[in-house]
Amino acid sequence: SQTIHQWPATLVQPVGSPLSLECTVEGTSNPNLYWYRQAAGRGLQLLFYSVGIGQISSEVPQNLSASRPQDRQFILSSKKLLLSDSGFYLCACQLTGFEQYFGPGTRLTVT
Amino acid sequence: GQSLEQPSEVTAVEGAIVQINCTYQTSGFYGLSWYQQHDGGAPTFLSYNALDGLEETGRFSSFLSRSDSYGYLLLQELQMKDSASYFCAVVDTGRRALTFGSGTRLQVQP
């Protein structure tokens, strides 16, 4: 079965600082991978998805970027964080065409 | 584009039955999924409907009417642990990703 690791679990960063969130997947190969952001009390906003190494599709134009340097590694980055980047960041992999499995998430607070 | 509508909150008592509705608009449609998320946790998959009708999984059932662009999640014999947010999500033929509704917060009272 699949396991998704995300770190760190919580992060407090000042405005203007860089960001790097890492997601690694175990138990599957060549998965479709996804980054979502969830604001407090809100739904999930798809940020990026990847169907393979080096293949990234961006859903929302903003100051975030994503990379997939290895098959089971997905990284979310920013050069300069904004207050509006605060939220719960979730990495997910697609198990079937309609089922996604989510990692434990990273709670980011930008101050 | 895609859009989904869900009620923001539902309250029910332990042992009761509750129905959470979801209406959607999408340009391409494979099916409707449901996810549960407890406070502070990650979403977990509950069910999926690709065809019209009712799918039952234990105390949870999910229904889809493609002609009405409508579905619902039915929770029976409610338990306190069912207090959580529930999200419907459409599987989009245009891209390999899910579009989620804004979620329904279910509060189960004793």
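Just so you know, the residues in each chain are numbered from 1, in the order the chain's sequence is written. A letter from A marks each chain and a number from 1 marks each ligand, given out in the order of writing. Reporting in this predicted model follows two pLDDT cut-offs: at least 70 for local features of residues, and 80 or more for side-chain atom pairs to be given and counted; totals over whole chains, interfaces and linings ignore these cut-offs and use all residues. In computing side-chain values, all of the structure's heavy atoms are included and hydrogens and water are not.

1. Here's the deal with the nonpolar core
Of all hydrophobic cores here, the largest spans 22 residues; its most connected members are Leu 32, Trp 34, Leu 75, Tyr 86 and Leu 106 of chain B. Secondary structure follows DSSP: runs of H or I at least 4 residues long count as helices, runs of E at least 2 residues long count as strands, and numbering of each begins at the N terminus. Of all the secondary-structure elements, those providing two or more residues to this core are β2 (9-13), β3 (18-25), β4 (31-37), β7 (60-65), β8 (70-75), β9 (84-91) and β11 (104-109) of chain B. To define a nonpolar core, start from buried Ala, Val, Leu, Ile, Met, Phe, Trp, Tyr and Cys residues and group those joined through side-chain atoms within 4.5 Å. For the exposure calls, accessible area comes from a 1.4 Å probe over protein chains only, and a residue counts as buried if that area is under 20% of its type's maximum, exposed if over 50%, partly exposed in between.

2. Some points on the state of the cysteines
Residues and elements named next belong to chain A. Two cysteine sulfur atoms make up a disulfide if the distance between them is within 2.5 Å. Within this structure, the stated rule accounts for 2 disulfides over all chains. Residue Cys 23 pairs covalently with Cys 91 via a disulfide, S to S 2.0 Å. With the S-S bond torsion at -65°, the cross-link from Cys 23 to Cys 91 turns out left-handed. Of this pair, Cys 23 sits in strand β3 (residues 19-26) while Cys 91 sits in strand β9 (residues 87-94), and the two are 68 residues apart along the sequence. A relative accessible area of 0% places Cys 23 in the buried class.

3. Regarding the packing of aromatic side chains
Any two rings among Phe, Tyr and Trp, with Trp reduced to its six-membered ring, count as a pair given centres within 6.5 Å; such a pair is stacked if its planes are under 30 degrees apart, edge-to-face if over 60, and tilted if neither. Evaluation of the coordinates by the stated rule reveals 13 aromatic pairs over all chains. For the pair Tyr 36 of chain A and Phe 102 of chain A, a centre-to-centre distance of 5.5 Å together with 45° between the ring planes defines the contact as tilted. Taken as a pair, Tyr 36 of chain A in strand β4 (residues 33-38) and Phe 102 of chain A in strand β10 (residues 100-102) lie far apart in primary sequence, 66 residues in all. For Phe 102 of chain A, a relative accessible area of 5% puts it in the buried group. Each ring, one from Tyr 36 of chain A and one from Phe 100 of chain B, has its centre 5.5 Å from the other, and the planes form 90°; the classification is edge-to-face. Separated into two different chains, Tyr 36 of chain A in strand β4 and Phe 100 of chain B in strand β10 (residues 98-100) make up a pair that spans both. Owing to a relative accessible area of 0%, Tyr 36 of chain A belongs among the buried residues under this scheme. Residue Phe 100 of chain B is classed as buried on the basis of its relative accessible area, which comes to 9%.

4. Structural notes on the interface of chain A and chain B
Two residues qualify as a contact provided that any one of their heavy atoms is within 4.5 Å of a heavy atom in the partner residue. Each partner contributes residues to the interface: chain A has 22 residues there, and chain B has 18 residues. Using a 1.4 Å probe, buried area is obtained as the accessible area two parts lose upon being combined, added over both of them. Carbon and sulfur atoms supply 60% of the area buried between chain A and chain B, which totals about 1500 Å² over both sides. Among the residues chain A hides against chain B, the three largest losses belong to Leu 44, Phe 98 and Phe 102 of chain A. Together they make up 33% of the total. Only one rule defines a salt bridge in this text: a Lys or Arg side-chain nitrogen within 4 Å of an Asp or Glu carboxyl oxygen. Linking chain A with chain B are 0 salt bridges.

5. A short note on the sheet that holds strand β8 (residues 73-78) of chain A
All names here are of chain A. Spatial strand order, β1-β3-β8-β7: 4 strands in an open sheet with antiparallel pairing. Every interior strand has two partners, whereas the edge strands, β1 (3-7) and β7 (64-70), have only one. Here the average twist between neighbouring strands, direction ignored, is 20°. For two strands to be treated as a pair, DSSP must find at least two bridges joining them. Both β1 and β3 contribute to a ladder of 5 bridges, which runs antiparallel. The residue bridging His 5 from the neighbouring strand is Thr 24, located in β3. Fitted lines through C-alpha atoms give the axes, limited to the stretch in contact for helices. The angle between two N-to-C directions lies from 0 to 180 degrees.

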